[in-house]
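Below, each chain spelled out in residue letters.
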Amino acid sequence: MPNKIVHAAERKAFEIALDQVIKTANKEDGYLKIIDVASKFLGDTWRPEAFENLKNNFKPGMKWPNFFDRVLRDVDPEVVKGLFLSFGFETGYIGYHETQKNVKKYGINIPWVILFDPTSACNLHCTGCWASEYSRTLNLSYEDMDKIVTEGKALGTHGYVLTGGEPLIRKKDIVSLAKKHKDCGFMIFTNGTLVDQQFCDDMRECKNIVLSMSVEGLDDATDARRGKGVFAKIMSTMDLLRKNKLPYGTSICYTSANYKAVTSDEFLDFLIDKGVLFSWYFHFMPVGNDATMDLVPTPEQREYMYHRIREVRGYQGGKEIFLMDFQNDGEWVSGCIAGGKAYCHINPRGDVEPCVFIHYSSANIHDKSLLECLQQPLFKAYHQQQPFNENLLQPCPFLENPNKLRAMVEETGAKSTDMLDPESVEHLTDKVEDYAKNWAPVAEKLWSSNHPDYKAHTSSHAE
C-alpha cells in the first residue's frame, strides 16, 4: 500500500490541478495545459514522446479538443472531477504503480483492473453472451464484493468492472460498494434497461461509477439479439443519463452478421448524437458447448474491423468518439492482457478466471485470499508465457493460439467453471483451429506492414 500521507498529498495536488483544468480546459491552450499536468503525474507510466504526440493533436480546432469540449458541456463538472480522480489518479496512476511493484514482489501477474459478476441473474437472454453459460441463480454477496475490492486495493488494484448477468439487478449493493471505496473506479457493463432516476441520483453522489450499455446496432439489430423493445429502453436510458449530466458509453459485440452495421457512419453518428462518449468493441467468442462458429467474423471481416476502427479513431478525419477494439488492439497493450496481466475475471460463484471468455480455474475467493487466487497455476502459466505470440495481432491463447490454452489448462489442472454444462478445453479449442490458421496469414500481413523488422512465422498459432 502507498504511504497514506504521501498518497493524500498527491491526491490533493491532483484534485487542485483538476479544478483549475476544468475551469480553463476549453479556453485557449487549456488542453495543452492539461497534458502538461498529466505528464507530471503520470511520469514514466507513458513515454515522453506520447505526451508530445498528444500535444500535437490537441491544438484548437482538432478532433480531440472538440470531443472534450463535448464532455465538459454535457457532463457535470463535479462528476468529471470524481471520475478523473477514481479512474485517472487512483486506478491509472497510484494503482498501476502499486500493482507493478507487487508483480516484482510476488513474481506473478497483479491486475490493475478486476472484472467481477455481482449476479448471474439477468432480465434478458442475449445470443452469444458469455454470462448466459452460467447458472442464472448465482450471486456474490455484498461481503464477497467488498472482500474483492478490499483485498484488491491492498495489491494496488483500484479499477473494477462489473459484468454479469445484469449487474444493476444489484444496484443498492453496488452503490454501497462505490460509496465505501471512493478511491476506486467502477465501470458497469449493463443492458441499460434498469436505470432509473434514483440510480442517476446515486451515481451523481458517488462520482466514481460510469455505465457502458450493450447495443448491437440500431433498433432491429439490437432487438433481434436482446429482445423486442430493448433498443427503445436503452435510448430512454441514454436520454435520462444525459438529462442528469452523466457520462456513458456502449459495449458492442461484433459478429459476422453486424460488423459493418456497428461501424457504419450512420450508426456512429447516431451514437454521438445520443451523447455516447466511448464504445468497447468485442469480437464474438464461440464459448460454451452449444456455441457455433456461425457468428464468428471471418478473417476478411476482422481485417475490415482492424482498418475501420483505426479510420474512425484517426486524429485526422476520424469521429469524435473514443473507440477500443478488445481483440485488435493487442498492439497497444503488448498482446493478451488476461490472467492478471492487466485484468482477470471473477464469476458469480467466486471462481477466479483469467478472462471473461476463458472459463477455467482452480481458485475461488470463498476458499482463498485474492492473492492466493492470483497465484494459482493457470495464472502463473499466463504470466510465464505472455505474450502468447510475437505478432500482437494474434494475442489470445484461445482464439488465435488454441494450442497454448489447451496446454496451459491441461498442464495446470484447471477445471471448467461452467456449472451447468462444463466444456472441455479440447472441445473449446478444437472449434477455433481453422479460424486461427486462416487468421494467421492476414495477421502476418497486417503486422509486417507496420513493423518492417518483424520476421513472419508460419503456423504461429500452433507453436
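Owing to the predicted nature of the structure, the values given are computational and were not obtained by experimental measurement.

> Please set out the packing of helix α14 (residues 377-385) against helix α15 (residues 402-412) residue by residue, giving values where relevant.
Interaxial distance between α14 and α15 falls to 9 Å at its minimum, and their mutual angle equals 140°. It follows from the interaxial angle that α14 and α15 lie oblique. Crossing angle aside, the handedness with which α14 passes α15 is right-handed. Where α14 approaches α15, its residues Pro377, Leu378, Ala381, Tyr382 and Gln385 are matched on the opposing element by Lys404, Leu405, Met408, Val409 and Thr412. Class assignment for the residues of the contact of α14 with α15 results in 7 nonpolar, 2 polar and 1 charged.

> Now, about the packing of helix α7 (residues 171-180) against helix α8 (residues 197-206): what can you tell me, with residues and values included?
Where α7 contacts α8, the two axes come as close as 10 Å, and the packing angle between them is 10°. When the axis of α7 is compared with that of α8, the two are roughly parallel. Residue-level inspection shows Lys171, Val175, Ala178 and Lys179 of α7 in contact with α8, the latter providing Phe199, Asp202, Glu205 and Cys206. When its residues are assigned to classes, the contact of α7 with α8 shows 4 nonpolar, no polar and 4 charged.

> Run through the nonpolar core, naming residues and quoting values.
Side chains of nonpolar character tend, in soluble globular proteins, to be buried together. In this structure, Phe116, Tyr281 and Phe398 are the most contacted members of the largest nonpolar core, which totals 123 residues. The dominant element in this core, judged by the number of residues it contributes, is helix α10 (residues 230-243), at 7 residues. Leave out the neighbours within four places in its chain, and Phe398 touches Met285, Pro286, Val287, Ile358, Leu405, Leu428, Thr429 and Val432. One finds Phe14, Leu18, Phe89 and Tyr93 within the second-largest nonpolar core, a separate group that totals 6 residues.

> Outline helix α12 (residues 299-313), supporting the account with residue identities and numerical values.
Here α12 is 15 residues long and its end C-alpha atoms lie 21 Å apart, about the 21 Å a rise of 1.5 Å per residue gives. Where α12 is concerned, the buried positions are Pro299, Gln301, Arg302, Glu303, Met305, Tyr306, Arg308, Ile309, Arg310, Val312 and Arg313. For α12, the secondary structure elements touched by its buried residues are α4 (63-74), β5 (248-254), α11 (265-273), β6 (278-283), β7 (322-325) and α17 (433-450).

> Outline the domain arrangement of the protein, listing residues and values.
How big an interface is tends to be stated in terms of accessible area lost as the parts join. Looking at the protein, the domain boundaries give domain 1 (4-60), domain 2 (85-332) and domain 3 (343-450). Taking the mean C-alpha position of each, domain 1 and domain 3 sit 36 Å from one another.

> Run through the sheet that holds β7, naming residues and quoting values.
Strands sit in the order β7-β6-β5-β4-β3-β2-β1-β8-β9 across an open sheet of 9 strands; the sheet is mixed. Only two strands of the sheet have a single neighbouring strand rather than two, namely β7 and β9 (352-353). Sheet topology places β5 next to β6; 6 bridges connect them, and they run parallel. Within the sheet, the bridge partner assigned to Ile252 lies in β6 and is Tyr281.

> Got a sec to walk through unusual backbone geometry? Specific residues and values, please.
Residues Gly164 and Gly165 are joined by a peptide bond in cis, for which omega reads 15°. Relative to the helices and strands, Gly165 is located in the loop between β2 (159-162) and α7. A cis amide bond links Gln386 to the next residue, Pro387, at an omega of -5°. Even without being glycine, Lys207 reaches a positive phi, approximately 65°. Relative to the helices and strands, Lys207 resides in the loop between α8 and β4 (209-214).

> Account for the confidence of the model for the protein, naming residues and giving values.
In this model, the protein carries an average pLDDT of 90, and 90% of its residues clear a pLDDT of 70 or more. Across residues 458-463, where pLDDT falls below 50, the model places 17 contacts with residues more than four positions away in sequence or in other chains.

> Go over the state of the cysteines with me, naming the residues and quoting the values.
Within this structure, the stated rule accounts for 0 disulfides. Here Cys373 stays unpaired: no disulfide links it, and the sulfur of Cys344, its closest cysteine neighbor, is 8.8 Å away.

> Which residues make up the pairing of β4, and what are the values?
In terms of residue burial, β4 counts as a mostly covered element, since 6 of its 6 residues are buried. Side-chain alternation along β4 places Ile209, Leu211 and Met213 on one buried face and Val210, Ser212 and Ser214 on a second face that is also buried. Two elements, strand β3 (residues 185-190) and β4, share 5 bridges in a ladder whose sense is parallel. By the bridge assignment for β4, Met187 is matched with Val210. For the segment spanning β3, α8 and β4, crossover handedness is right-handed. Across 4 bridges, β4 lies against β5 in parallel orientation. Bridging across to β5, Leu211 finds its partner in Tyr248.

Each value, and the rule that gives it
Residues numbered from 1 in each chain as written. Predicted model: local features only at pLDDT ≥ 70, side-chain atom pairs only at ≥ 80, totals over all residues. Heavy atoms only, no water. Axes fitted to C-alpha atoms, helices over the stretch in contact; angles between N-to-C directions. Helix = DSSP H or I, 4+ residues; strand = E, 2+ residues; numbered from the N terminus. Parallel < 35°, antiparallel > 145°, perpendicular 65-115°, else oblique. Left-handed = near helix turned anticlockwise from the far one by under 90°. Contact = heavy atoms within 4.5 Å. Nonpolar A, V, L, I, M, F, W, Y, C, P; charged D, E, K, R; others polar. Core = buried A, V, L, I, M, F, W, Y, C linked by side-chain atoms within 4.5 Å. Buried < 20%, exposed > 50% of the residue type's maximum accessible area, 1.4 Å probe, protein only. Expected span 1.5 Å × (residues − 1). Domains from an automatic or database assignment. Pairing = 2+ DSSP bridges. pLDDT = per-residue confidence, 0-100. Disulfide = S-S within 2.5 Å. Right-handed = clockwise from strand over helix to strand, strands pointing away.

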